[in-house]
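Results of the structural survey
Listed below are the residues making up each chain.
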Number of protein chains: 4
Amino acid sequence: MGKVDIKKQQKKEALLNAAYDLFTTKGIHKTSISDIVEQAGMAKGTFYLYFSDKYDIRKKLITHKASQIFRKAMTDLKEEQTDNLEDCILFIVNHVIDQLDADKSLLNFISKNLSWGIFKSAMISKPADDEVDFYAFYIELFEASEKKYQNPEVLVYMIVEFVNATSHSSILYNEPVPIDELKPFMYESIRRMIRSMEM
Amino acid sequence: MGKVDIKKQQKKEALLNAAYDLFTTKGIHKTSISDIVEQAGMAKGTFYLYFSDKYDIRKKLITHKASQIFRKAMTDLKEEQTDNLEDCILFIVNHVIDQLDADKSLLNFISKNLSWGIFKSAMISKPADDEVDFYAFYIELFEASEKKYQNPEVLVYMIVEFVNATSHSSILYNEPVPIDELKPFMYESIRRMIRSMEM
Amino acid sequence: MGKVDIKKQQKKEALLNAAYDLFTTKGIHKTSISDIVEQAGMAKGTFYLYFSDKYDIRKKLITHKASQIFRKAMTDLKEEQTDNLEDCILFIVNHVIDQLDADKSLLNFISKNLSWGIFKSAMISKPADDEVDFYAFYIELFEASEKKYQNPEVLVYMIVEFVNATSHSSILYNEPVPIDELKPFMYESIRRMIRSMEM
Amino acid sequence: MGKVDIKKQQKKEALLNAAYDLFTTKGIHKTSISDIVEQAGMAKGTFYLYFSDKYDIRKKLITHKASQIFRKAMTDLKEEQTDNLEDCILFIVNHVIDQLDADKSLLNFISKNLSWGIFKSAMISKPADDEVDFYAFYIELFEASEKKYQNPEVLVYMIVEFVNATSHSSILYNEPVPIDELKPFMYESIRRMIRSMEM
DNA sequence: TATGAATGAGGGTTCATTCAT
DNA sequence: CATGAATGAACCCTCATTCAT
C-alpha cells in the first residue's frame, strides 16, 4: 500500500470514529455531516469522497461493530472446550450480552439500527483484514453437532431477534427487571427454543 | 361536552389521523408539521394548540394503535371458551400477528416505534371512551390460571419483544422465511417459554 | 384587498425589484437567492413563499418588462395619427429601440432572456392592473390595414427577432456600427420585409 | 511536431470533444469540470494545463464549430457555378440552416452562445490546419460582385443575426411555424435586405 | 507533465416555531 | 381559538481550484 493509500485509510477511519462517537452520544438524526467532519478534523467535502451520505456511514458502522462483537465472542469460545451446540450458543449469547452491558452506547446504537438484513451481511462479510470468518464458523458448529435441527437459519434468527429485543430495555432502563435478573429466564427460554427445533 | 369542546376534539382527531397517514406512508422523518396540518386541513399554528411537537403526536398514536390491537384481540378471545392460560396467550399472539400481517403499514409503524415503556403505558391507559381494560384483563388471566408463574411481567415482556422483533422482517420482507412458515416455530417457542416459567 | 394582501404584494414587488437590480448588474448566474433577499431586506425563507426558484422570478420579470416596453410604445402610438400599418410598425420598433438604448441594462436583460415563447405569453397576458391590451391592439392593427398580409404572425416573429438580435451588439458595443448608424439600414430592411409579405 | 507535442494536442482535443458532448447534452451550467475530465479520461488538474476555465473552453468551441459550418458551406458553394452575390449569400444561408436543422444540439449550442464578436473572430481566425480562409473568400465575393453595396459589414451583420435569431425557435420548437414553412419568407426577406443596400 | 485528494466557501432548500391579526 | 406570513438557523451537497506527489 502506497503512502497515499495509507493516508486515505486513515481519513476514512477518522470519519468512522467521529461518526460513531456522535451517533452514540447525540443520535443519528441530531448528528449532521458538519458535526462529523468537524470532529474528524477535516473539510466538509472530504466526507463525500468516502461516503455517499449519513446512512451510508451508519450502515458501514453497524456492520463493522456487529461483526466485531460476534468475532470477539467466537474467539473466546474457541478457547473453551465445548462441543455441545446448546452450550456454544449460550456461551455466545452471554458473551454478547456482557459486551453490550459493558458498553451501553454500543448497545443503544446496535439495537436501534440492527436489522436482520444487515446482520446477515455483517456475518457473511469477510474483509481482507479480518482473520476469522464468523459465518463459516457458525455453519461448522451446526454441522459438527450430533443433534440436527429443522431450520438452523430460523433458529438463529429467532435467537438473535429475541436477545436483541429483550436486552435493550433491561440493560438501559432496568425494565422490567435488571439484566442480571433477566438472564436466567432468557437463557432458559433460549435453551427450550433450541430444543424445540431438534429433529 | 359543549359545542366548543366537540369541535376541539374533532380538530385533534383530524390531526391524529393525518399524522398517522403520513407517518405510515412517508415515515416520520420525512413528514413535516406542514404536511400534517395541510392534510388535516387547518393552519400551521393550530397544531401547536394541541401537540407540542412531532414526537408528542407520535407517542400518542403508538399508544392508541397498540392498545387498539390488543383490545381487539382481547374482545375476540372472550368469545372463545378457553380457560388455559397458554392457549389464551397464543390466541392473542396469533390474533395480533394476523392484524399486523393484514396492515403492513401499521406493523411498520408499531415495530419501529414500540418500546416496552410505551407498551406498558398503552396497556395501563384507560381512556374514558374505552370500555374494556386490557391490563385488568391480563392480570385476571394470570390469577384465574391454575398454574402459577415465577414472574408474569417478565414472561409478558419476553413474549411481546419476541413477537414484535421476529414478525417484522418476516412479514415485510419474507426474511428469513414468510410469516406462515415462521409461525409454527414461533408458537412452539412461545409455549416452551411459558412452560419454562411455571412454578 | 385586506391589509395583509397589501403587505404580501409589497413583499413580492420588493423581491422582483431586488432580483431585477441584481440580474442586470451581476447577471443571473452570479446572483444567488441570498443576494436577492438581502437586497430586498427580508429572510431567505420568504423568497420561497413567492417564487419557486431563480428561474421562476426571471420568467416573471421578463414577461413584465417586455410587456411594459410594448405597452409604452403602443400608448404613444395612439397619440400619433398614423393609419398606415408599415408606419405603425416602424414607429413601435423605433420606440422600443429608443427605450432599450436609454436603458442598457434593460436591453441586456431582455435580449439575453427573451424567447419567442416568452414574448408571446408577455403579449397575451392581460393582468388585471394593466389597462391596455397589446395583443388585441396588434390584431386590430392588421385588421384595420388596407393591405393584407400572408402570415402576420410570421411577419411579427421575424421583425421581433431581427430587432432584438441586431440592436444588442450595436447599442452595447457599437459593433459593427453604432445604433444611430444602423437604424436606417434596419428600418429600410424592415419596410421591405413587410412589403415582401403583402398579399 | 515532437511526440510530446502530439500527445498534448490529443489531450486538448479529447477535452474539447468531451466538453462539446456535455455542453450540448446537459447544457453548460450543468456541466462541471469534473464531468469534462471524467469523460475525457484524465485527471482534474490536467484540465487547468490547457484551459483556464469552463468559459474559455466554450469560447474555443464556438469559434471552432461556427467556422466549421461556414467553411463547409463555402466549400460546397465553390462547386456551384454562381457568380451572382445574392444567390451566393442565399446558398450559404440555406446551407447553414440545413446543417443546423440536421444537428439540433449544434444549433442549440451555437445560437445560445454566438455573439457578433465571437462570429467575427471565428471568421478571421486562420488556424494552421485549415486550408481555406472564409473571411478572405467573403471579401473577394463582394469585390467580384458587379453590384456594389453601401456597407457590406452591416449587411452581413444583419443577415447573420437575422438567420441565427429566427431559425432557433422554428427549428427546435416549430414555433411560430416549422423551418420549411419559414424558409420562403426568410429568404425573400434576405433578398430584399440585400437589395436595400445596393448602391 | 500529470495526478487526484483535499479543500471550504457558498449554493439551494426546508421547516419548526413565533406572533400579529 | 385559529390563522398563516414571516423568520432564519441549519441542513445537505457541489465544485472550482490548489498542490504535494
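Residues numbered from 1 in each chain as written. Chains lettered and ligands numbered in written order. Predicted model: local features only at pLDDT ≥ 70, side-chain atom pairs only at ≥ 80, totals over all residues. Heavy atoms only, no water.

**Observations concerning the protein's contact with DNA strand E**
Near DNA strand E lie 32 residues; those nearest to it are Thr46 and Tyr50 of chain A, Ile33 of chain B together with Thr46 and Tyr50 of chain D. Each atom of DNA strand E within 4 Å of the protein belongs either to a base or to sugar and phosphate, the latter forming 61%. Here a phosphate oxygen of DNA strand E sits 3.3 Å away from a polar atom, N or O, in the main chain of alanine 43 of chain A. Here a base oxygen of DNA strand E and a side-chain polar atom of lysine 44 of chain C are 3.4 Å apart. For the surface near DNA strand E, the secondary structure elements donating two or more residues are α1 (3-26) and α3 (44-50) of chain A, α2 (33-40) and α3 (44-50) of chain B, α3 (44-50) of chain C together with α1 (3-26) and α3 (44-50) of chain D. Residue composition of the surface near DNA strand E, grouped by class: twelve nonpolar, eight polar and twelve charged. (Near = heavy atom within 4 Å. Polar contact = N/O pair within 3.5 Å; in protein donor to acceptor, adjacent residues only side chain to side chain. Helix = DSSP H or I, 4+ residues; strand = E, 2+ residues; numbered from the N terminus. Nonpolar A, V, L, I, M, F, W, Y, C, P; charged D, E, K, R; others polar.)

**Concerning the protein's contact with DNA strand F**
In the region of DNA strand F, 30 residues are neighbours, and Lys44 of chain A, Lys8 and Thr46 of chain B together with Thr46 and Tyr50 of chain C sit closest. In DNA strand F, the atoms that sit within 4 Å of the protein are 61% sugar and phosphate, with bases accounting for the remainder. Note that a phosphate oxygen of DNA strand F is positioned 2.5 Å from one of the side-chain N or O atoms of threonine 46 of chain B. A distance of 3.3 Å separates a base nitrogen of DNA strand F from a polar backbone atom of glycine 45 of chain C. Only α3 of chain A, α1 (3-26) and α3 of chain B, α1 (3-26) and α3 of chain C together with α3 of chain D provide two or more residues apiece to the surface near DNA strand F.

**Re the confidence of the model for chain A**
When pLDDT is averaged along chain A, the result is 90; 96% of the residues meet or exceed 70. Ranking the helices and strands of chain A by mean pLDDT puts helix α10 (residues 179-196) of chain A first, with 97, and helix α7 (residues 116-124) of chain A last, with 79. (pLDDT = per-residue confidence, 0-100.)

**What to know about the interface of chain D and chain C**
Contact residues are listed per partner, giving 29 residues for chain D and 29 residues for chain C. Around 2,400 Å² of area is buried between chain D and chain C when both sides are counted, 70% of it from carbon and sulfur atoms. Here chain D is connected to chain C by two salt bridges. Our count for the contact surface shared by chain D and chain C stands at five residue pairs in polar contact (both at pLDDT 80 or more). Mapped by element, the contributors of at least two residues to the side of chain D that touches chain C are α7 (116-124), α9 (152-173) and α10 (179-196) of chain D. The leading source of residues in the side of chain D that touches chain C is α9 of chain D, at eleven residues. Here the residues of the side of chain D that touches chain C are counted per class, giving 13 nonpolar, nine polar and seven charged. (Contact = heavy atoms within 4.5 Å. Buried area = accessible area lost by both parts, 1.4 Å probe. Salt bridge = Lys/Arg side-chain N within 4 Å of Asp/Glu carboxyl O.)

**Observations concerning the interface of chain B and chain A**
Opposite the 29 residues of chain B that make contact, chain A presents 29 residues. Summing the contributions of chain B and of chain A, the shared interface buries around 2,400 Å²; its carbon and sulfur component is 71%. As a salt-bridge pair, lysine 120 of chain B and glutamate 175 of chain A come within 3.3 Å of each other at their nearest N and O atoms. When residues of the side of chain B that touches chain A are traced back to their parent elements, those giving at least two are α7 (116-124), α9 (152-173) and α10 (179-196) of chain B. A per-element tally of the side of chain B that touches chain A places α9 of chain B first, with eleven residues. Grouping the constituent residues of the side of chain B that touches chain A by class yields 13 nonpolar, nine polar and seven charged.

**Quick look at α1 of chain A**
Residue and element names in this part refer to chain A. Here α1 spans 34 Å end to end across 24 residues, near enough to the 34 Å set by a 1.5 Å rise per residue. Buried residues along α1 sit against α2 (33-40), α3, α4 (54-79) and α6 (104-113). Two residues or fewer past α1, glycine 27 is found with a positive phi of approximately 90°. (Expected span 1.5 Å × (residues − 1).)

**Regarding unusual backbone geometry**
Leaving glycine out, the prevailing phi sign among residues is negative, and the prevailing peptide bond configuration is trans. A cis amide bond links glutamate 175 of chain A with the next residue in sequence, proline 176 of chain A, at an omega value of 0°. Inspection of the secondary structure puts proline 176 of chain A in the loop between α9 (152-173) and α10. Within the chain, asparagine 174 of chain B stands out as a residue other than glycine whose phi angle is a positive 55°. With respect to the helices, strands and loops of the structure, asparagine 174 of chain B is situated in the loop between α9 and α10.

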